[in-house]
Amino acid sequence: MTTTEWELLDRAHATLREAVAGVPADGWDLPTPCAQWNVTQVLQHAAGDQLAYAARLTGGPGPAEDPFAPSGTLAGTPAGLLDPALAAAAEAFAGVAPDDAEVAVPLPPFSVPAATAVGAAALDAAVHAWDIAVATGRPPGLTDELAAALRPAADVLAEPLRGFAYGPALTLAPGADDGAAARLLAFLGRDPGWAAPAV
C-alpha cells in the first residue's frame, strides 16, 4: 500500500483502539447507534470484521463468532479481543500490492482494487469507533479529514450493503452539521446526531 493508504488504515485502527480504551467499566451494556446492539456487541462485531478481512486475504482463521450475531459476552478483556484482530488485518494488508486490481474482501462485491480494500477495512473500524465513542459520551474520533478520506471506499461499498450492513442514506436536517463526518455517517444510514436514549 502507499503511505497514505497505510496511514488511513492505521488511523482508523488507532481511532477504534482509543474508543474502546475510553469505555468506562460500567459502559459495556450501553446502547449504541447500531440498532439492538450494546457497546460490547459493537466491539465484537468490529473485531470480527477485521478478522474476516484478514482471513479473506490470507486463508487464516476468521472470527470465533458471527460478527452479525455478537453474543455480548466477552471471554477476556476488550483489548485482548480487539488488538489481535487489528494486528491480523494490518499484517494481511501488508501482503497486498498497491496496484492489485482484484483484492478479496469479505463483503459484496467480494473483490475490489487495493485502495478500496484497505479503505473498506479502515471505514469499518472508524465507523464502529464512532458508534462506541458516541454511545459512551466521548468525543467521536471520526474527524472530517478522516471521513473525507474514507468516502471513496464508502461510495463503492455502501449500495451493495444497503439493508444489511448499512441502512438507507439519510438526509441531513436543515441547519445540521454538514461536515464530511456527518455526511459520511448519513450516507451510511447513521444519524450523525444520535444520542443515547434517556434512562
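Treat the numbers as computed from the prediction; the structure is a model and nothing was measured. (Residues numbered from 1 in each chain as written. Predicted model: local features only at pLDDT ≥ 70, side-chain atom pairs only at ≥ 80, totals over all residues. Heavy atoms only, no water.)

Examining the overall build of the chain
So the rule is basically this: What counts as a helix is a DSSP run of H or I of at least four residues, what counts as a strand is a run of E of at least two, and both are numbered from the N terminus. The globule rule used for comparison is 2.2 Å times the number of residues to the exponent 0.38, while the radius of gyration itself is calculated over C-alpha atoms. To sort residues, take the accessible area from a 1.4 Å probe on protein chains only and compare it with the maximum for the residue type: under 20% means buried, over 50% means exposed, and anything in between is partly exposed. Whether two residues are in contact is decided by their heavy atoms, any of which lying within 4.5 Å being enough. Here, Shrake-Rupley sampling with a 1.4 Å probe gives the accessible areas, and only protein chains in the shown set may cover a residue. For the purpose of counting charges, residues Lys and Arg are taken to be positive, whereas Asp and Glu are taken to be negative. His and the chain ends are not included. In this description, the location of a charge corresponds to atom NZ of lysine, CZ of arginine, CG of aspartate or CD of glutamate.
Looking only at helices and strands, the chain features six helices and two strands. Whereas a compact globule of 199 residues would reach a radius of gyration of roughly 16 Å, the chain reaches 16 Å, a difference of no more than 12%. With the C-alpha coordinates aligned to their principal axes, the bounding extent of the chain is approximately 50 × 45 × 30 Å. Across the 199 residues of the chain, 46% fall into the buried class. For the chain, contacts bridging at least 24 residues in sequence account for 70% of all contacts bridging at least 6. By element, 57% of the accessible surface of the chain is carried by carbon and sulfur atoms, the whole surface being about 9,200 Å². Averaged over its 8 positive side-chain charges, the chain has a centre that lies 4 Å from the centre of its 23 negative ones.

Digging into the nonpolar core
Generally speaking, nonpolar side chains in soluble globular proteins are found buried as a group. The line we're drawing: Residues grouped as a nonpolar core are buried Ala, Val, Leu, Ile, Met, Phe, Trp, Tyr and Cys residues, joined through side-chain atoms within 4.5 Å.
In terms of nonpolar packing, the biggest core is built from 56 residues, with L16, F93, I132, L142, L150 and L188 touching the most fellow members. Those elements that place two or more of their residues in this core are α1 (3-21), α2 (39-58), α3 (78-93), α4 (114-135), α5 (144-157) and α6 (180-187). A per-element tally of this core places α4 first, with 15 residues. Each residue touching L188, except ones within four places of it in the same chain, is listed here: L123, V127, A154, A158, R162, Y166 and G167.

Description of the pattern of salt bridges
What counts here: Criterion for a salt bridge: a side-chain nitrogen of Lys or Arg within 4 Å of a carboxyl oxygen of Asp or Glu.
Summed over all chains, the structure comprises five salt bridges. Here R17 ties to D83 by a salt bridge, and the two come within 3.5 Å at their closest N and O atoms. Of this pair, R17 sits in helix α1 while D83 sits in helix α3, and the two are 66 residues apart along the sequence. Look at R17 and you get partly exposed, because its relative accessible area is 36%. Residue classification places D83 among the partly exposed residues on the basis of a relative accessible area of 34%. The salt bridge partner of R151 is D155, with a shortest N-O separation of 2.7 Å. One end of the pair is R151 and the other is D155, both in helix α5 and four residues apart, which spans about a single turn. The class for R151 is partly exposed, based on a relative accessible area of 26%.

Some thoughts on unusual backbone geometry
A cis amide bond links P108 to the next residue, P109, at an omega of 10 degrees. Mapped onto the elements, P109 comes out in the loop between β1 (103-104) and β2 (111-112). The backbone of F110 shows a phi angle near 75 degrees, a positive value even though the residue is not glycine. By the element assignment, F110 lies in the loop between β1 and β2.

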